[in-house]
4 protein chains.
Amino acid sequence: MTKAIFLIQSPDSKGILASVTGFFSQRSFNILHCQQHTDSFEKRFFMRIELDVADMQTTRKELEDDFGKMADELGLEWSCHWSDYKTRIAILVSKEGHCLYDILARQLEGELNAEIPLIISNHPDLERAANQFRIPFYFFPITEGKEEQENRIRALLKRFDIDLVILARYMQILTSDFIEEWRGKIINIHHAFLPAFQGANPYKRAYERGVKMIGATAHYASEDLDQGPIIEQDVIRVNHELTPKGLKEVGKDCEKRVLASAVKAHLEHRVIIYKNRTIVFAVER
Amino acid sequence: MTKAIFLIQSPDSKGILASVTGFFSQRSFNILHCQQHTDSFEKRFFMRIELDVADMQTTRKELEDDFGKMADELGLEWSCHWSDYKTRIAILVSKEGHCLYDILARQLEGELNAEIPLIISNHPDLERAANQFRIPFYFFPITEGKEEQENRIRALLKRFDIDLVILARYMQILTSDFIEEWRGKIINIHHAFLPAFQGANPYKRAYERGVKMIGATAHYASEDLDQGPIIEQDVIRVNHELTPKGLKEVGKDCEKRVLASAVKAHLEHRVIIYKNRTIVFAVER
Amino acid sequence: MTKAIFLIQSPDSKGILASVTGFFSQRSFNILHCQQHTDSFEKRFFMRIELDVADMQTTRKELEDDFGKMADELGLEWSCHWSDYKTRIAILVSKEGHCLYDILARQLEGELNAEIPLIISNHPDLERAANQFRIPFYFFPITEGKEEQENRIRALLKRFDIDLVILARYMQILTSDFIEEWRGKIINIHHAFLPAFQGANPYKRAYERGVKMIGATAHYASEDLDQGPIIEQDVIRVNHELTPKGLKEVGKDCEKRVLASAVKAHLEHRVIIYKNRTIVFAVER
Amino acid sequence: MTKAIFLIQSPDSKGILASVTGFFSQRSFNILHCQQHTDSFEKRFFMRIELDVADMQTTRKELEDDFGKMADELGLEWSCHWSDYKTRIAILVSKEGHCLYDILARQLEGELNAEIPLIISNHPDLERAANQFRIPFYFFPITEGKEEQENRIRALLKRFDIDLVILARYMQILTSDFIEEWRGKIINIHHAFLPAFQGANPYKRAYERGVKMIGATAHYASEDLDQGPIIEQDVIRVNHELTPKGLKEVGKDCEKRVLASAVKAHLEHRVIIYKNRTIVFAVER
C-alpha cells in the first residue's frame, strides 16, 4: 500500500488539528494514523499524519500545492514523504565493522526502506565487508588532506543522489560546512549515553568513573561535537568485572541496536526536529 | 486546569477522526491532546482526546448529550471523564504489604488523582499500615464463609461509592458474579510475567524452570484466573544465585512499579479495553 | 594468554573450595578468576576456575589426570577446557536470516572463539548468506524424508568434527536420538519469553494475549520442545501499535542478542547445567 | 543463621585466594559463599567471603585477631562484619518524600537488616512521615547558620551511634569535614544518570538536552559534588511527551529503587571501594 506521510510543526493554536484532518477528509483520503503532540512547555504543536493514497483524485504535486496553501495560512512548517520512494543512504566508516555489518544485513533482509549505493571510509579495513555485500567502497585517507578528503566525499554524495548519511563509527569530525549542508540528514552513533562522556574514549572514561551502565546515543550531527538532537538511546548494565576493553566489546550490541532504531525512525518519517530535541512518533507496524 | 477526556472506539471507517475533531473545534474547545490508533489487524478505531474546558459554553450534560448524538450516528462506543473528579479506590490485601505501602505513599504524595476511603483484608496483619495512613481497615476472614465474606465486601464497595478496586496481592479468587459486576474496574497484580506461571507459586516455578528474568503483570480481573486484559508488565534480570525466596524478594520491586503504573493509566483515563487486549495511550505530563 | 578453565559441580560439603584452590596453588598456577556458588535450595556446589597456564610445569594430560584423582576422592563432576582451542560450530537454519547474519558477522569480527566450518538448512534461501561469508552450505530438504535428512546432518557433524550446533531459527523438531547424542551441545533460540508461548507462532499468540513485552530465550535443546535448560533471556517493551507482523519484526533484535549472548557464554565455558537449570558465571573481560 | 562476612582487597599476587580459603577451612568453617575478582587493569585483588559461624571454636575477637595476623603478612586490607548486628541508619531529607517512604516501608517489612533511630531534615514538611512510622524527627533549618546546623547533625549522629547516613533527596551540600569524617558511610541518591547532569535541576536539563532515557545514581558522598564512587544506577525510557515536571515525576520510581538497591548492597556488606569505583558483589538470596 502506498502512503503519504506529512510531518507538521507550528506554534500552538486552536483548530490546527481539525483543519488538517478536515483537509484530508474532504478529499476522501483514508487517514491510517494521526499523531499529534502539543508541547505545553514550548507552546508548540507537532503532528504526523499517514494517508492511504490508493484512491487519490489528484497528482502528488497538486496535493502538495493545495496543502501548502493551507499551511501558509495556518503558519505551519511541513514536509511530505511518499512511501514508495527508497531513501538513498551513504555509510561512512573507519575501522570498526559491527555497525556496518548490522545495517547491511538489515537492508538485505528487507528491514529498511532504503538503498545503500556506496560505503566511504578513511581506512581500507572494511573493504571486505563492502565486497561481501557487493556495494562500491571508496577509500579516502585523511593523509591526502582533511579538506580535500571531505570535498571528495561531498562530491560523491551528490553524484550518487544521497539523501541520508550514516556515520557508522566514522572517527573523523566533519567541518561546519559539511554539517550545514547536510543538516538533519546525518545520523551519528556515539558510543556513550550522552551527555555523559562526550568526545573521545568514552569506554575508558566510563571505566574510570565506575558507572554501572554503559550506553549509546544516535543523534543528528551538529557543529558542536556530540551535541546534536538525540534520536535514540539505550543502555546495558555492566559491573566491576569489565575492563575498558570489555566495556567496549559489550557496548557494541548497544551501538548496533540504537543506530538501527534511529535509522528506521528517520526512514519511516517519524522524526521532527525542534530546537535541539526530537519528537519521535511511534507507529503501527 | 480542568479537562474533559473522551475515550472512543468503533469499527474502522473513514472520517471518524475529522468528525470528532471537528465537533470540538466548532465548539471552540482547545484540544490539548489527541491520540488515534487504527488496529489494521482487527480493523478497529481507537481514540483518546483531551480538552481544556475552561471556556466551555454549555453544561457538562449538554456536551455529553450532543456528543452522544454524533456518536450514535457514527456508531461509536465512548465514555467521558472529568479531571476534577477524584476516583474512589478500595484496596484489597492479604498479608503482603509492599504493594499497599507503595500505593498509600503515592496517594499521600499527590501522585494519584484518587481517594482511598477504605482497605479490606481477609487477614488482620496489615491493619497497622492502614492505621499509619489513617484509612479505615475492614477485616473479613474467609472463615466466615467465602460467599458471605464476598457479599460483605461488595456491600462495602457500594456504601463507599467505590469506582475502582485494586487487588494489591489479595490472595483470594473472586466469584464470577463479583467479576461480572465490576468488569473493567478491578485491577489485579500477578507476580509473574503472564502468560508464564499463571496460578499459584510463580516464584517457585520460575526457580525450577530456571528463567533468567522474572516479572509482574497488572491486568483487569476476568472470570478466568490471570487471563484478563493486561495493562502493564515489567521484568527484572535474575540469575542462578537467587533461591525461590530470593526471587520473591527481588520481585516485589517489579510488582510495585507495575501495579502503580497500571493504576495511574486507569486513573488518567488512558486505557481502552477491546476483546482481551488493552490500548494504553501515553500522554504528556 | 593461554588459559585453562575448570567447571566443577558436586553435592555441597565443607572444604571443596579450599581443596581445589589449594591444588592449583601448590602447583604455582596463577588463579585468574575463581567463582563459586552454593545453591542452598538444592544443596549443590558449583565452581568455575580460570588459570594462567604460561608457566605450567606438566603436560596438559598430567594436569588433568592429577586433578581427576582429587576429583574422584572429593566426588566432583568436572570438565577442563583450554582457551587456545577454537570450538567448531555448525549452524542450522531455515528461511529467516537475521540470527545467521548476526553470528557470522560476530565470528568474522573476532567476537567468538570459534570456527564455523559449515551451515546446514532445510531450505535453499540462505545459501546467499553462506556464500557472502565463504562458508560451505548444505541444503537437505525435508522432502527427502525426515529421518534420512537428519541422518545426513548427523553424518556431516561428525565428518566436520563439530563441537556445538546452533539452531539459528531452524524450524524443525529434532529426534530424541539426535538430542540424546548431542545433549548440552545444541543451543536453540526460541522467539518468546519461555515458558510463555512454547511451540509455534509465539508472536501471533503474544498479540492475541495482549502482552506488553515480548522476549526471546536461548536454551539447550531437550527431548521436550522448548523445555531445555535456559541459558539467556531478554525482552523488549511493545504496545498496542504492533500487529503480529510488527511484533515479529521487533522481536528479531531480541533474538539476535539473546542467542549471541548464550553462544558466548558456552564458548567461554561459563555454563554449568544441573537438572533443568543453568549456572552462568559472569567473568572479567 | 549467623554469618561472618570478610571483605578483602590487596595488590594482586599469587596464592591469596588459597591462603584465605585455607585459613577458614583449617578452622572448620563452612564457607557459604566466596567471590573473588581480579581487576587485570588495576592489578588488584578483591574478595568477599561469607561464613557460617554456628560451630565457631573461638571468640569473634580471636578470629579477627588471627585473621589480622595473616592479613598483615599478605598485605591485605580487610574488614569483618557479623550478620546479627543491625546497622543503625540516619536518614536526611528535605521536602521530597518518595525515597523516605520507600525506605521506611522496606525497613518495616523486614527487607533491610537495619534500624532507623532518627530522621533529620532542614525542612519541617516530612515530620508527618516520621510520625506515621513512629521515628523521631529532628528539624534543623539552614536559617540557623549552615555550620551550626551541620554541627547539630553531626552531634546527633554520634549520640545515636549511627553507622550509615542516607541522603534521601537531602538538598544541601555537606562540608568537607563532614564528608571526611563519614567517608564510605554516606549514601546519596542523585536524580540523574551520572556523570550526566551533575549538579542542580537535572530533569530540566535532561528535557532541554532531549535525552530519551532518564536515570538515577546512588553513590558514596565525596568532597566533589556528585563525583563519589557509584554503587548503583538505573534508567527509565522517556519520550518527547514528558515536560521537565513529567520527567521529575517519572524519575521518582527510578530514584527509589536505585537508592534501595544501593542501601541493601551496603547493609549486606557486598561493596568494596577502590579509588573512585566500587566492586559490588552479587550474592545468593
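Residues numbered from 1 in each chain as written. Chains lettered and ligands numbered in written order. Predicted model: local features only at pLDDT ≥ 70, side-chain atom pairs only at ≥ 80, totals over all residues. Heavy atoms only, no water.

Where an unreviewed UniProt entry is consulted, chain A appears under the name Formyltetrahydrofolate deformylase, with the organism given as Candidatus Ornithospirochaeta stercoripullorum. One UniProt comment on chain A, placed under Pathway (unreviewed entry), says "Purine metabolism; IMP biosynthesis via de novo pathway; formate from 10-formyl-5,6,7,8-tetrahydrofolate: step 1/1." Per its UniProt entry, chain A bears the Catalytic activity (unreviewed entry) comment "(6R)-10-formyltetrahydrofolate + H2O = (6S)-5,6,7,8-tetrahydrofolate + formate + H(+)". (UniProt positions renumbered as here; feature names shortened; annotations may be inferred.)

S.K.: Whenever I open this one, the overall build of chain A confuses me. Can you help?
M.R.: Across its full length, chain A holds eight helices and 13 strands. For 285 residues, the compact-globule estimate of 2.2 N^0.38 gives 19 Å, and the C-alpha radius of gyration of chain A, at 21 Å, lies within 12% of that figure. By its C-alpha atoms, chain A is 60 × 40 × 35 Å across when sized along the principal axes. Restricting to contacts in chain A with at least 6 residues of sequence separation, those with at least 24 account for 65%. One finds the centroid of the 38 positive side-chain charges in chain A at a distance of 5 Å from the centroid of its 42 negative side-chain charges. (Helix = DSSP H or I, 4+ residues; strand = E, 2+ residues; numbered from the N terminus. Rg over C-alpha atoms; globule rule 2.2 N^0.38 Å. Contact = heavy atoms within 4.5 Å. Lys, Arg positive; Asp, Glu negative; His and termini not counted. Charge placed at Lys NZ, Arg CZ, Asp CG, Glu CD.)

S.K.: Explain the relation of the copies chain D and chain A here, please?
M.R.: Between the two copies of this chain, the relationship is a rotation about some axis together with a displacement along it. Of the transformation placing chain D onto chain A, the axial shift is 0.0 Å and the rotation is 180 degrees, giving an RMSD of 0.0 Å. When the rotation and shift are considered jointly, the pair of chain copies conforms to a two-fold rotation axis. For chain D, the minimum C-alpha distance to the rotation axis belongs to Ala196(D) and amounts to 2.2 Å. Looking at the interface residues of chain D, 100% of them are also at the interface in chain A, so both copies use one shared face. (Least-squares fit on C-alpha atoms with pLDDT ≥ 70 in both.)

S.K.: I tried to follow helix H1 (residues 16–26) of chain B on my own but got confused; where do I start?
M.R.: Since the α-helix turns once every 3.6 residues, residues separated by three or four places project in the same direction. Residues and elements named next belong to chain B. Across the eleven residues that make up H1, a large majority, eight, are buried. Three or more residues of H1 are buried, namely Ile16, Leu17, Ala18, Val20, Thr21, Gly22, Phe23 and Phe24. Phi turns positive, to about 60 degrees, at Ser28, one or two residues after H1. (Buried < 20%, exposed > 50% of the residue type's maximum accessible area, 1.4 Å probe, protein only.)

S.K.: What's the story with the interface of chain D and chain A in this structure? I'm lost.
M.R.: For interface size, the figure often reported is the accessible area lost on association. On the side of chain A, 39 residues touch chain D, which itself brings 39 residues to the contact. Buried surface at the junction of chain D and chain A, both sides included, amounts to about 3300 Å², of which 56% is carbon and sulfur. When the buried surface of chain D facing chain A is broken down by residue, Tyr207(D), Arg209(D) and His240(D) rank first, second and third, together holding 23% of it. Applying the counting criterion to the chain D and chain A interface returns four salt bridges. (Buried area = accessible area lost by both parts, 1.4 Å probe. Salt bridge = Lys/Arg side-chain N within 4 Å of Asp/Glu carboxyl O.)

S.K.: Explanation requested: helix H5 (residues 146–159) of chain C in the structure shown.
M.R.: All names here are of chain C. Between the first and last C-alpha of H5 there are 20 Å, a value that for 14 residues agrees with the 20 Å anticipated at 1.5 Å per step. All of the buried residues in H5 are Gln149, Glu150, Ile153, Arg154, Leu156 and Leu157. One side of H5 carries all its buried residues, which in axial view fall inside an arc of 160 degrees. Exposed side chains of H5 directed beyond 90 degrees from the buried face belong to Glu147, Lys158 and Arg159. Trailing H5 by a residue or two, Asp161 shows a phi angle of about 55 degrees, which is positive. (Expected span 1.5 Å × (residues − 1). Arc of directions from axis to C-beta.)

S.K.: Where do I start with unusual backbone geometry in this structure?
M.R.: Negative phi characterises most residues that are not glycine, and trans characterises most peptide bonds. Cis rather than trans, the peptide bond between Leu194(A) and Pro195(A) has omega equal to 10 degrees. Mapped onto the elements, Pro195(A) comes out in the loop between strand S9 (186–190) and helix H7 (202–209). Positive phi is not limited to glycine here, since Ser28(B) has a value of about 60 degrees. In this structure, Ser28(B) sits in the loop between H1 and strand S2 (30–39). With relative accessibility at 47%, the residue Ser28(B) sits in the partly exposed group. The residue Lys275(B) is not glycine, and still its phi comes out positive at about 50 degrees.

S.K.: Which parts of the structure should I look at to understand the pattern of salt bridges?
M.R.: It is possible for side chains of opposite charge to pair when their charged atoms get near one another. Across all of its chains, the model carries 112 salt bridges over all chains by this definition. One salt bridge connects Asp84(A) with Arg60(A), and the closest N-O pair in it is separated by 2.8 Å. Of the two residues, Asp84(A) sits in the loop between strand S4 (77–82) and strand S5 (87–93) while Arg60(A) sits in helix H2 (residues 60–74), which places them 24 residues apart along the sequence. Under the relative-accessibility criterion, Arg60(A) is labelled partly exposed at 32%. A salt bridge links Asp39(B) to Arg277(B); the shortest N-O distance between them is 3.3 Å. Residue Asp39(B) is found in strand S2, and its partner Arg277(B) is found in strand S13 (residues 277–280); the two are separated by 238 residues along the sequence. Look at Asp39(B) and you get buried, because its relative accessible area is 3%. A single salt-bridge network, built from bridges that share partners, covers Asp102(A), Arg106(A), Glu111(A), Lys264(A), Glu249(C), Asp253(C) and Lys256(C).

S.K.: Just checking my understanding: could you explain the sheet that holds strand S5 (residues 87–93) of chain D for this structure?
M.R.: Strand pairing in a sheet relies on backbone hydrogen bonds, with the paired strands running either antiparallel or parallel. Residues and elements named next belong to chain D. Spatial strand order, S7-S6-S5-S8-S9-S10-S11: seven strands in an open sheet with mixed pairing. With partners counted over all chains shown, the strands left at the sheet margins are strand S7 (137–139) and strand S11 (230–237), one partner each. Put simply, the sheet's adjacent strands are angled 20 degrees from each other on average, direction ignored. Most of the contacts of helix H5 (residues 146–159) go to strand S6 (residues 114–121), to which it runs at about 165 degrees, and overall it touches S5, S6, S7 and strand S8 (164–167). Packing against the sheet, helix H8 (residues 244–267) makes contact with S5, S6, S8, strand S9 (186–190), strand S10 (213–220) and S11, and its axis sits at approximately 150 degrees to S11. (Pairing = 2+ DSSP bridges. Axes fitted to C-alpha atoms, helices over the stretch in contact; angles between N-to-C directions.)

S.K.: Whenever I open this one, the packing of helix H8 (residues 244–267) of chain B against H8(D) confuses me. Can you help?
M.R.: The relative placement of two packed helices is expressed as an angle between their axes plus a distance between the axes. The geometry of H8(B) relative to H8(D) is characterised by a closest axis approach of 12 Å and an angle of 170 degrees between their N-to-C directions. When the axes of H8(B) and H8(D) are compared, the pair comes out roughly antiparallel. Contact residues: Glu249(B), Asp253(B), Arg257(B) and Lys264(B) in H8(B); Glu249(D), Asp253(D), Arg257(D) and Lys264(D) in H8(D). Split by residue class, the contact of H8(B) with H8(D) holds no nonpolar, no polar and eight charged. (Parallel < 35°, antiparallel > 145°, perpendicular 65-115°, else oblique. Nonpolar A, V, L, I, M, F, W, Y, C, P; charged D, E, K, R; others polar.)

S.K.: Just to check I follow, could you spell out the pairing of strand S2 (residues 30–39) of chain C for this structure?
M.R.: The side chains of a regular strand alternate, first on one face of the sheet and then on the other. Residue and element names in this part refer to chain C. Taking burial as the measure, the ten residues of S2 include ten buried ones, the bulk of the element. Bridging between S2 and strand S3 (residues 44–52) involves nine bridges; their strand directions are antiparallel. Looking at S3, one finds that Ile31 is bridged to Leu51.

S.K.: Could you clarify how one ought to interpret the interface of chain B and chain C in this entry?
M.R.: Contact residues are listed per partner, giving 39 residues for chain B and 39 residues for chain C. Three residues, Tyr207(B), Arg209(B) and His240(B), lead the burial of chain B against chain C; their summed loss comes to 23% of the area buried on that side. Linking chain B with chain C are four salt bridges. Between Asp234(B) and Arg237(C) there is a salt bridge, with the nearest N and O atoms lying 3.6 Å from each other.

S.K.: Honestly, the side chain of His37(B) in this entry has me stumped. Any pointers?
M.R.: Topologically, His37(B) is positioned in strand S2. Overall, the relative accessible area of 1% leaves His37(B) in the buried class. Within the local environment of His37(B), its side chain forms a polar contact with the backbone oxygen of His240(C), the two atoms lying 3.3 Å apart. (Polar contact = N/O pair within 3.5 Å; in protein donor to acceptor, adjacent residues only side chain to side chain.)

S.K.: Looking at this structure, I do not really get the packing of aromatic side chains. What am I missing?
M.R.: Aromatic ring pairs are defined here through the distance separating the ring centres and the angle between the ring planes. All names here are of chain A. Applying the stated rule across the entire model yields 60 aromatic pairs over all chains. An angle of 45 degrees between the planes, with centres 4.6 Å apart, marks the rings of Phe6 and Phe67 as tilted. In this pair, Phe6 sits in strand S1 (residues 3–11) while Phe67 sits in helix H2, placing the two residues 61 residues apart along the sequence. Residue class for Phe6 comes out buried when judged on its relative accessible area of 0%. Geometrically, the ring pair formed by Phe67 and Trp78 is edge-to-face, given 5.1 Å between the ring centres and 65 degrees between the ring planes. (Phe/Tyr/Trp six-rings, centres within 6.5 Å; stacked < 30°, edge-to-face > 60°.)

S.K.: Looking at this model, I keep getting lost on the UniProt feature "active site" (unreviewed entry) in chain A. Mind explaining?
M.R.: Look at the UniProt record and you will see "active site" (unreviewed entry) annotated at Asp226(A). With respect to the helices and strands, the residue Asp226(A) is situated in the loop between strand S10 (213–220) and strand S11 (230–237). When residues no more than four places from it in sequence are discounted, the contact partners of Asp226(A) are Asn188(A), His190(A), Leu194(A), Gln198(A), Gly199(A), His219(A) and Arg209(D).

S.K.: Explain the environment of Gln26(D) here, please?
M.R.: Structurally, Gln26(D) can be placed in helix H1 (residues 16–26). For the pair Gln26(D) and Asp224(D), spaced 198 residues apart in the sequence, the C-alpha separation amounts to 45 Å.

S.K.: Quick question: what am I supposed to make of the side chain of Asn188(C) here?
M.R.: Residues and elements named next belong to chain C. Checked against the element boundaries, Asn188 lands in strand S9 (residues 186–190). Note on Asn188: relative accessible area 12%, which makes it buried. Setting aside residues up to four positions removed in sequence, Asn188 forms contacts with Leu167, Thr217, Ala218, His219 and Asp226.

S.K.: Would you explain the packing of helix H7 (residues 202–209) of chain D against H8(D) in this entry?
M.R.: All names here are of chain D. Closest axis-to-axis distance for the H7/H8 pair is 9 Å, and the angle between their directions is 120 degrees. Between H7 and H8, the angle falls in the class oblique. The element H7 and its partner H8 pack so that their crossing is right-handed. Residues Tyr203, Lys204, Ala206 and Tyr207 of H7 lie in contact with H8, whose contacting residues are Pro244, Leu247, Lys248, Gly251, Lys252 and Glu255. Considering only residue class, the contact of H7 with H8 consists of five nonpolar, one polar and four charged. (Left-handed = near helix turned anticlockwise from the far one by under 90°.)

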